[in-house]
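Topology and contacts: notes
Below, each chain spelled out in residue letters.
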Amino acid sequence: MRLASRSVLLEPVRAQASTFGDDPSRAGVTITPLEAVTTPGSAGDIYRALQTFPGVQTVNESAGLFVRGGDVSETKVLLDNAVVLSPYRLETPTGAAFGTFDPFLLEGVFFSSGGFGARYGDALSGLVSLETISLPTRNTVSASASVAALSSSVALALPGKVGVRATGTRTSTGLLFKLNGRDEFDVAPEGTDLSASLVWAPTREREVKLFGLSQSDRVVGAADPSVFHSTFRADRESGLVVLSGKDVWGSWSPSFSVSGSEASRLEEYQAFRLERRERYAQGRAELAWAPRTELSLRAGAEVERRTSSFGGYVPESDADDAAGAPVRFLDSRVVGVRDGAWLESEWHPWSDLQVTGGVRTDRSDLTGERTWDPRLAAALRIGGSAALTAAWGTYHQMPGPLAYDPTLGKPGLPPMRATHLIGGLVWGDASGESGALLRVEVYQKRYRDLVQLGRAYKLGDNGTGTTRGLDLFLRATAPGDIATRLSYSLVSARRTDPNTGVMARSPFDITHNLVLIAEREWRARWRLGATYHASTGAPFTEVVGAHPVEDRFLPEYGKPFGARLPRFERLDLTASRLLSLWQGNLSTVYVSVNNALNRDNVSGYRYNEDYTERAPAGSLFRRTVYFGVTTSTSW
């Protein structure tokens, strides 16, 4: 017998540096809505679930995504490829409590902590791209009740491949704080969410979606960490409408999105009262072409217009922000138009090598400057399920509109710039939701033309900085069928201090960040989980003395960010049980204990009037018991 040789075509390597989840243009995701809800300590929030991945530092107890030594504003959030103007809600002086979106409104989540492709711009550090849920296949009515919120939703599968969804949620944390013996707020944080979508999807490849969201929330009474007694107030309203679509014509794949949004926020405490009103409109179109299986090209363009109005007052001096201090008044309007275009290709010269290269260009009339950002990424399979990854690129981002305010900022500031250099190793199943996976990455990020706000909204521009670090992610099944995930980040971040102009630690320089998650199915319908989180305390600038001026004392500051808060540590536990109460019904009962060890994680320090006494500002999230039920019926 004679054997004939035959070549075997291997599945092309598909790995991308610093990425979790999958690109919305590809099938399959890693971070699902169910994972966001069931991850212990996430409180059912997408951003808090993303905080369990490497590259995201725990700067405070907020839902903010501080990526690889960068500010939360350096991570861009997209919904159906439209920019989200107001990605957080229930904001306090120490950060936002939650992200904007209900996980069950979403179908896909793409998260990158750096090195993302040319089609994404105006972001220095990270990217979150969310995709709203598609066509419902069945009629469904759902309701949920917990100690902090009531929610209901309906999804209808209509004739002609048309679907409609609507959701309403009322959040009120009064009962939650009362049950857990907390009284930090004069008025417990509360909010309202209303959303609706209309979907037409005659085929799997062709789809048009219209999504709308309206939100409002209020926080009153959260103490400001800088003084013994201070009342904080924040009122926020926002709305977003996105029309998006996609299609496939042979080897061509066009897509588009058109969006409009508004947001207003009133923030008031001590000698601050700042009211911001913003309107945002964006259009985006993209065309992908795949003439061969080993080659695809993508080109696109976008344009946006952002109108921002500011009113109120801020302290005149960055050393005196107490009530009654001299203030500067604001009454201005900033209008900016930015356009961008990109070209990107993905090439598989052979099955073990993937190369992605591209370039994008952007221009804003606020800067009068056009930027060019080349980017390159590669993945090389080195055997079996192991691959080496690398990425390099230049990234520009516009400073926030407040930086162009004629009172507080400087009209004509250039765009900020960062250069990413990333190298890593991936072993295992990098795209699926289960199976062993190991990812190790080292990176360097260099900043130029940084614009930052310091104390009393003092603007620091022309800043520089460097971040170096290592990220480790391990997913495996431990003995006893326990699904485990381990994330570890090592970071060294330095940047220009906006208050003094000297090079110092970044406020987001969290040297060590460790997250360990363990989950197990028990008796078929029970799911138990625990998350342990430990990280180095955030840097802060100490008050080393004070001197009297008229009727008050002004603080004297030490070395910029030369001190650190105590170590952050937290253990969260959760348990849930699936039930089917009648045919077509699926219900879940859940209970969680956040910060089970009742650790008082320090978020800052409060000082008395002459700064001779200092007291820690304790955690807003001491041991908290949270429980509820959700039920849905389909037919």
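What counts, and where the lines are drawn
Each chain carries its own residue numbering, running from 1 in the direction its sequence is written. Confidence filtering applies because this is a predicted model: local features only for residues at pLDDT of at least 70, side-chain atom pairs given and counted only at 80 or more, and all residues used for totals across whole chains, interfaces and linings. For side-chain calculations, the full set of non-hydrogen atoms in the structure is used, while hydrogens and water are omitted. Working definition: helices are DSSP H or I runs of at least four residues, strands are E runs of at least two. Numbering for both runs from the N terminus. Under the scheme applied here, a residue whose accessible area is under 20% of the maximum for its type counts as buried, over 50% as exposed, and between as partly exposed, the area being computed with a 1.4 Å probe on protein chains only. Any two residues whose heavy atoms approach within 4.5 Å at even a single point are treated as in contact. Surface accessibility follows the Shrake-Rupley procedure with a 1.4 Å probe radius. Residue values consider only the protein chains on display as shielding. When the centres of two rings from Phe, Tyr and Trp lie within 6.5 Å, Trp using its six-membered ring, the rings pair. Their planes under 30 degrees apart give stacked, over 60 give edge-to-face, and anything left gives tilted. Placement of a positive charge over a ring is assigned whenever Lys NZ or Arg CZ falls within 6 Å of the ring centre and within 35 degrees of the normal to the ring plane. The salt bridge definition used is simple: a Lys or Arg side-chain nitrogen within 4 Å of an Asp or Glu carboxyl oxygen. Exposure above 30% relative accessible area and no salt bridge define the residues that can form patches, which grow by joining like charges within 9 Å and nonpolar side chains of Val, Leu, Ile, Met, Phe, Trp and Tyr within 5 Å. When DSSP locates at least two bridges between a pair of strands, those strands are taken to pair. Two N or O atoms form a polar contact when they lie within 3.5 Å of each other; inside protein one atom must be a possible hydrogen donor and the other a possible acceptor, and for residues adjacent in sequence the pair counts only when both atoms belong to side chains. The predictor attaches a confidence to each residue, and that confidence, scored 0 to 100, is pLDDT.

Of the regular secondary structure elements, the protein chain holds 3 helices and 38 strands. Burial statistics for the protein chain: of 635 residues in total, 51% are counted as buried. Put simply, of all contacts in the protein chain between residues at least 6 apart along the chain, 62% involve residues at least 24 apart. A total of about 28100 Å² of accessible surface is found on the protein chain, and carbon and sulfur atoms cover 58% of it.

A word on the packing of aromatic side chains. Each pair of aromatic rings is reported with the distance of its centres and the angle of its planes. Scanning the model with the defined rule gives 12 aromatic pairs in all. Judged by centre distance (5.9 Å) and plane angle (25°), the ring pair of phenylalanine 110 and tyrosine 120 falls under stacked. One end of the pair, phenylalanine 110, is in strand E8 (residues 106-112); the other, tyrosine 120, is in the loop between E8 and strand E9 (126-132), with 10 residues separating them in the sequence. There is no split in this pair, since phenylalanine 110 and tyrosine 120 are both buried. Both rings, one in tyrosine 590 and one in tyrosine 626, keep their centres 6.4 Å apart while their planes meet at 20°; by these two values the pair is stacked. With a gap of 36 residues between them, tyrosine 590 in strand E35 (residues 585-594) and tyrosine 626 in strand E38 (residues 624-634) connect regions that are remote in the sequence. A cation over a ring is seen here: arginine 68 above tyrosine 443, with NZ or CZ 4.1 Å from the ring centre. Sitting over the face of the ring of tyrosine 557, arginine 455 holds its NZ or CZ atom 3.7 Å from the ring centroid.

Another aspect to go through is the pattern of salt bridges. Any two side chains of opposite charge can pair, given that their charged atoms come close. Within the structure shown, the criterion is met by 40 salt bridges. Here arginine 298 and glutamate 286 are joined by a salt bridge, their closest N and O atoms 2.7 Å apart. Taken as a pair, arginine 298 in strand E18 (residues 295-315) and glutamate 286 in strand E17 (residues 272-292) lie far apart in primary sequence, 12 residues in all. Judged on exposure class, the residue arginine 298 and its partner glutamate 286 are both buried. In this structure, the salt-bridge partner of glutamate 542 is arginine 614, at a minimum N-O distance of 3.5 Å. Highlighted residues: glutamate 542 in the loop between strand E30 (539-540) and strand E31 (543-549) and arginine 614 in strand E37 (residues 614-617), separated in sequence by 72 residues.

Further remarks concern a nonpolar patch on the surface. On the surface, a nonpolar cluster with roughly 470 Å² of combined accessible area is contributed by Leu198, Leu210, Val241, Leu243, Phe256 and Val258. Counting only elements with at least two residues in the nonpolar patch, the list comes to strand E15 (233-246) and strand E16 (252-269). Here leucine 210 shows up in strand E14 (residues 207-220).

The next subject is the environment of glycine 463. If you trace the backbone, glycine 463 turns up in strand E25 (residues 459-478). With 35 residues separating them in the primary sequence, glycine 463 and proline 498 have C-alpha atoms 7.7 Å apart. With sequence-adjacent residues up to four places away left out, glycine 463 is seen in contact with Arg448, Asp449, Leu450 and Thr496.

What follows concerns the side chain of threonine 39. Checked against the element boundaries, threonine 39 lands in the loop between helix H1 (33-38) and helix H2 (46-50). The exposure class of threonine 39 is buried, given its relative accessible area of 7%. Every residue in contact with threonine 39, bar those within four places of it in the chain, is listed here: Ala49, Thr52, Ile517, Glu519 and Thr531.

Looking along a regular strand, one sees side chains alternate from face to face of the sheet. By the bridge criterion, 14 bridges tie E25 to strand E26 (residues 482-496) in an arrangement that is antiparallel. Residue pairing for E26: leucine 474 is matched across the bridge by leucine 486. Both E26 and strand E28 (residues 512-522) contribute to a ladder of 8 bridges, which runs antiparallel. Note that in E28 the partner of serine 489 across the bridge is asparagine 513. The hairpin turn running from E26 into strand E27 (residues 503-505), its antiparallel successor, is 6 residues long, and glycine 501 in that turn takes a positive phi close to 80°.

So, on to the side chain of serine 146. The residue serine 146 is located in strand E10 (residues 140-146) in this model. Side chain to side chain, serine 146 and tyrosine 626 meet in a polar contact 2.9 Å long. When neighbours within four sequence positions are excluded, serine 146 is seen to be in contact with Tyr590, Tyr626, Phe627 and Gly628.

With that settled, consider the confidence of the model for the protein chain. Counting all residues, the mean pLDDT for the protein chain is 86, and 90% of those residues have values of 70 or more. In the model, residues 22-29 has pLDDT below 50 throughout and makes 23 contacts with residues more than four positions away in sequence or in other chains.

Topologically, lysine 209 is positioned in strand E14. As a C-alpha pair, lysine 209 and valine 242 span 33 residues in sequence and 7.8 Å in three-dimensional space. Contact partners of lysine 209, with chain neighbours within four places excluded, come to Asp80, Glu131, Thr132, Ile133, Leu198, Val199, Val242, Leu243 and Ser244. There is a polar contact of 2.8 Å between the side chain of lysine 209 and the backbone oxygen of threonine 132.

The alternating pattern of strand E12 (residues 162-172) places Gly163, Arg165, Thr167, Thr169 and Thr171 on a buried face, while none of Val162, Val164, Ala166, Gly168, Arg170 and Ser172, on the opposite face, is buried. Here 10 bridges tie strand E11 (residues 149-158) to E12, and the two strands are oriented antiparallel to one another. The residue of E12 that forms the bridge with alanine 155 is arginine 165. Counted along the chain from E11 to the antiparallel partner E12, the turn is 3 residues long, and its residue glycine 160 has a positive phi close to 80°.

Here glycine 409 lies in the loop between strand E22 (386-397) and strand E23 (416-428). The residues touching glycine 409, leaving out its near neighbours within four places in the chain, are Leu402, Ala403 and Leu459.

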